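What follows is each chain in one-letter form.
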Amino acid sequence: MINVTVWNEFYHENHDENIRALYPRGIHGCIAEMLAEEPGVFNVTIATLQDPDQGLPDSVLNNTDVLVWWGHLMHGHVSDELTAKIRNRVYRDGMGFVALHSSHLSKPFTSIVGTDGSLQWGDNQLEIVWNVLPAHPIAEGIPQYFILESEEMYGEPFNIPQPDELVFMSWFKHGNVFRSGCCFYRGVGKVFYFQPGHETERSYYNPHVRKIIRNAVRWAAPHKMMPGLPAPTEYIKPIV
Ligand code: ZN
């Protein structure tokens, strides 16, 4: 089982009744439900900004294989100390990090990938998500393209490092394009950014979006270390 922690700032659902109606168990609850659609794969823990230690005490963070993050208005409330711990878990321990939608500006995401994550944005409109790397594990079971009838427009330039793998590109009805599914390798860890998921839209109920997030969590999980290898000094000999 992959130990997944789903973190949500959990602000909109508590301050807007329309968003609460759309996500009655919170966006984190909706993400937990989509992970449960593949039984026996994911062991899910919920964490929110309002919980003790901002939802991620060491006992939780250090037992997390993949951290899924949804934030928007409360990025600045996440402590620098927690941000550094998350980055170190990715870089040094191989924890996977999946940043969703407005988490492009979150402190963990920008700290891990190394740029400020800024982008263009605009009105909600029809989006076509194109699968541009069908052989990638995150694209497994995803068609050549799929349509989201209404989603917040995110546009280029998207201030990220050049992705190590670009899995999805999106086109928006008013003409913008956006790198909507991006993989990054950082230290010994893996990072995936995925754009759909504005809080007033229904994208997290789309079956393709739900499968992509499940695929991303599975892909981002750290590999288990092979047991039983001799210590490096036993087989690294000077060449003479
Ligand atoms: Zn949004």
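Our subject is the structure listed above.
Residues numbered from 1 in each chain as written. Predicted model: local features only at pLDDT ≥ 70, side-chain atom pairs only at ≥ 80, totals over all residues. Heavy atoms only, no water.

1. Let's talk about helix H7 (residues 207–220)
- Its 14 residues give H7 an end-to-end C-alpha distance of 20 Å, which sits within 8% of 20 Å, the value for a rise of 1.5 Å per residue.
- Across the 14 residues of H7, 11 count as buried, placing the element largely inside the fold.
- Buried within H7 we find Val209, Arg210, Lys211, Ile212, Ile213, Arg214, Asn215, Ala216, Val217, Trp219 and Ala220.
- Between a side-chain oxygen at the N-terminus of H7 and the backbone nitrogen of His208 the separation is 2.7 Å; the capping residue is Asn206. (Helix = DSSP H or I, 4+ residues; strand = E, 2+ residues; numbered from the N terminus. Expected span 1.5 Å × (residues − 1). Buried < 20%, exposed > 50% of the residue type's maximum accessible area, 1.4 Å probe, protein only. Polar contact = N/O pair within 3.5 Å; in protein donor to acceptor, adjacent residues only side chain to side chain.)

2. Points about the side chain of Glu127
- Along the chain, Glu127 turns up in strand E5 (residues 120–131).
- For Glu127, which is buried and forms no salt bridge, the nearest opposite charge comes from Arg179, at a distance of 13 Å.
- Among the polar contacts listed, one links the side chain of Glu127 to the side chain of Gln195, at a separation of 3.0 Å.
- With near-sequence residues (within four places) excluded, Glu127 lies in contact with Phe146, Ile147, Leu148, Glu151, Ser170, Trp171, Phe172, Gln195 and Pro196. (Lys, Arg positive; Asp, Glu negative; His and termini not counted. Salt bridge = Lys/Arg side-chain N within 4 Å of Asp/Glu carboxyl O. Contact = heavy atoms within 4.5 Å.)

3. A word on helix H5 (residues 80–93)
- Along its 14 residues, H5 runs 19 Å from first to last C-alpha, staying within 8% of the 20 Å computed at 1.5 Å per residue.
- By the burial criterion, the buried members of H5 are Leu82, Thr83, Ile86, Arg89 and Val90. Buried residues of H5 fall within an arc of 125° about the axis and therefore sit on the same side. The exposed residues of H5 that point more than 90 degrees off its buried face are Asp80, Glu81 and Arg92.
- The first or second residue beyond H5 is Gly94, which carries a positive phi of 85°. (Arc of directions from axis to C-beta.)

4. Remarks on the coordination of the zinc ion
- For the zinc ion, every protein donor is listed as His101 (NE2), Glu152 (OE) and His198 (ND1), and the spread of their distances is 2.0 to 2.1 Å.
- Read in sequence order, the donor residues coordinating the zinc ion give the pattern H-x50-E-x45-H. Of the two residues, His101 is situated in the loop between strand E4 (96–100) and helix H6 (107–113) and His198 in the loop between strand E9 (189–194) and H7; the sequence distance between them amounts to 97 residues. Side by side, His101 and His198 carry an identical accessibility label, which is buried. (Donors = N, O, S within 2.8 Å, 3.2 Å for Na, K, Ca; no water.)

5. Notes on the packing of aromatic side chains
- Enumeration according to the criterion identifies 13 aromatic pairs in this entry.
- Between Tyr23 and Tyr205, the ring centres sit 5.6 Å apart and the planes meet at 10°, which makes this aromatic pair stacked. With Tyr23 in the loop between helix H2 (17–22) and helix H3 (26–35) and Tyr205 in the loop between E9 and H7, this pair connects stretches of sequence that are 182 residues apart.
- Accessibility expressed as a relative area gives 1% for Tyr23, which makes it buried.
- It is Lys190 that lies over the ring of Trp219; its NZ or CZ is 5.5 Å from the centre. (Phe/Tyr/Trp six-rings, centres within 6.5 Å; stacked < 30°, edge-to-face > 60°. Lys NZ or Arg CZ within 6 Å of the ring centre and 35° of its normal.)

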